Amino acid sequence: MPLSSRHEDIISLLAAAGELTVEDLAERLGVSRETVRRDLARLEGGGHLRRYHGGARLLSHAGGEAEMEWPFAQRMVQNAAGKKRIALAARELFQPEDSLFIDTGSTTIAFAEALAARASLVAITNAPRIAATLAANHSHKVFLLGGAYGADAGESLGPLALEQIGKFRARHAVLTIGAIDAHSVMDFDLQEAEVAKAMIERADRVTVLADHSKFDRRAVFELAPLARIHRLVTDVPPPEPIRRALDAACVELIVADRG
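The structure displayed is predicted, hence computed values, not measured ones.

**Concerning the packing of aromatic side chains**
Under the counting rule described, the total for this entry stands at two aromatic pairs. Arranged with centres 5.8 Å apart and planes meeting at 65 degrees, the rings of F94 and F111 form a pair that is edge-to-face. On the criterion of sequence distance, the pair formed by F94 in the loop between α5 (80-91) and β4 (99-102) and F111 in helix α6 (residues 106-115) is long-range, its members being 17 residues apart. Side by side, F94 and F111 carry an identical accessibility label, which is buried.

Structure below.
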């Protein structure tokens, strides 16, 4: 069946934003949430998008989920409220004197902002923004890794960063990811994946921060099997196959309170 003008508007909005919630679409289109849900169901049936709990994202032209990651500035504004809830929930998992690797991501930036109110943590990060946020609390000890500068996300990458990670041993690694399925956590960028894998190798415990948009996606570079992860903090319960896989791998699932 041909698409209506509103359906075309939905596709255009998703193409620009990557993903949107039902509430966002209803507000932008000036229609009810029930209308948006019906539209999304029809568009999903036509192979144009994929619905998830509370929203939708586009599919690639090949009919599968697009294996890509949006520019960092765009990711910073996508699901900002959900990422803040994740950050606040994750903050409660750490105690004074804990040592943490923290990689670069929109959710770990939100986590650093939440963590700044804690006391006496040791943080090792490749993100200048995260380092500056935590260092504003003088009780924290912050180590900023150097390396080749990745301008998109504002991060240190490459062999120099990896070499410096190897000089530390931390109790925790707190990481963002690009994708998670029933087998592993993954990322889209090789250099970012190398940093995350190096942090995992040098940490006793691994906490992954991932909002619902990462569920059932596939990315090129595997970071770790689920069995290497200790905790997953998210904003929405994952699909049943992922939940069962997390249980089987003894991964603690923490769903942030919606307040």
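**A closer look at the sheet that holds strand β10 (residues 179-180)**
Sheet architecture is open: three strands sit in the order β10-β11-β13, paired in antiparallel fashion. Every interior strand has two partners, whereas the edge strands, β10 and β13 (221-225), have only one. Relative to β13, strand β11 (residues 184-187) runs antiparallel, the two sharing four bridges. When the bridges of β13 are listed, D187 appears paired with F221. Packing against the sheet, helix α9 (residues 190-201) makes contact with β11 and β13, and its axis sits at approximately 20 degrees to β13.

**Some thoughts on the sheet that holds strand β9 (residues 170-176)**
Spatially, the seven strands line up as an open sheet ordered β6-β5-β4-β9-β12-β14-β15, and their pairing is parallel. Both outer strands of the open sheet, β6 (141-144) and β15 (252-255), are each paired with one neighbouring strand and no more. Taken pair by pair, the neighbouring strands of this sheet meet at an average axis angle of 20 degrees, ignoring direction. Across three bridges, β4 lies against β9 in parallel orientation. Looking across to β9, one finds that L100 is bridged to H172. Packed on one face of the sheet, helix α7 (residues 128-135) meets β4, β5 (122-125) and β6 and runs near 165 degrees to β6.

**Some remarks on the pattern of salt bridges**
A full pass over the atoms with the stated rule returns 14 salt bridges. Between R33 and E23 there is a salt bridge, and its shortest N-O distance comes to 3.8 Å. One end of the pair, R33, is in helix α3 (residues 33-45); the other, E23, is in helix α2 (residues 22-29), and 10 residues separate them in sequence. The exposure class assigned to E23 is partly exposed, which follows from its relative accessible area of 39%. Note that D211 and K214 form a salt bridge whose closest N and O atoms lie 3.0 Å from each other. As far as the burial class goes, D211 and K214 line up, both buried. One network of salt bridges, with partners in common, ties together E240, R243, R244 and D247.

Parameters and conventions
The residue numbering used here restarts from 1 in each chain and proceeds along that chain's sequence as written. Given that the model is predicted, a residue must reach a pLDDT of at least 70 before its local features are reported, and side-chain atom pairs must reach 80 or more before they are shown or counted; all residues, however, enter totals for whole chains, interfaces and linings. To obtain the side-chain values, all non-hydrogen atoms of the structure were included, while hydrogens and water were left out. Note on ring pairs: Phe, Tyr and Trp rings are taken, using the six-membered ring of Trp, and paired if centres are within 6.5 Å. Classes follow the plane angle, with under 30 degrees stacked, over 60 edge-to-face and the rest tilted. Only runs of H or I of at least four residues qualify as helices and only runs of E of at least two qualify as strands under DSSP, and these elements are numbered from the N terminus. Exposure classes here rest on a 1.4 Å probe applied to the protein chains alone. A residue is buried below 20% of its type maximum, exposed above 50%, and partly exposed in between. Two strands form a pair only when DSSP identifies at least two bridges running between them. Two residues form a contact once any of their heavy atoms are found within 4.5 Å. Fitted lines through C-alpha atoms serve as axes, helices being fitted only where they are in contact, and the angles separating the N-to-C directions of these axes extend from 0 to 180 degrees. Salt bridges are counted wherever a side-chain nitrogen of Lys or Arg sits within 4 Å of a carboxyl oxygen of Asp or Glu.

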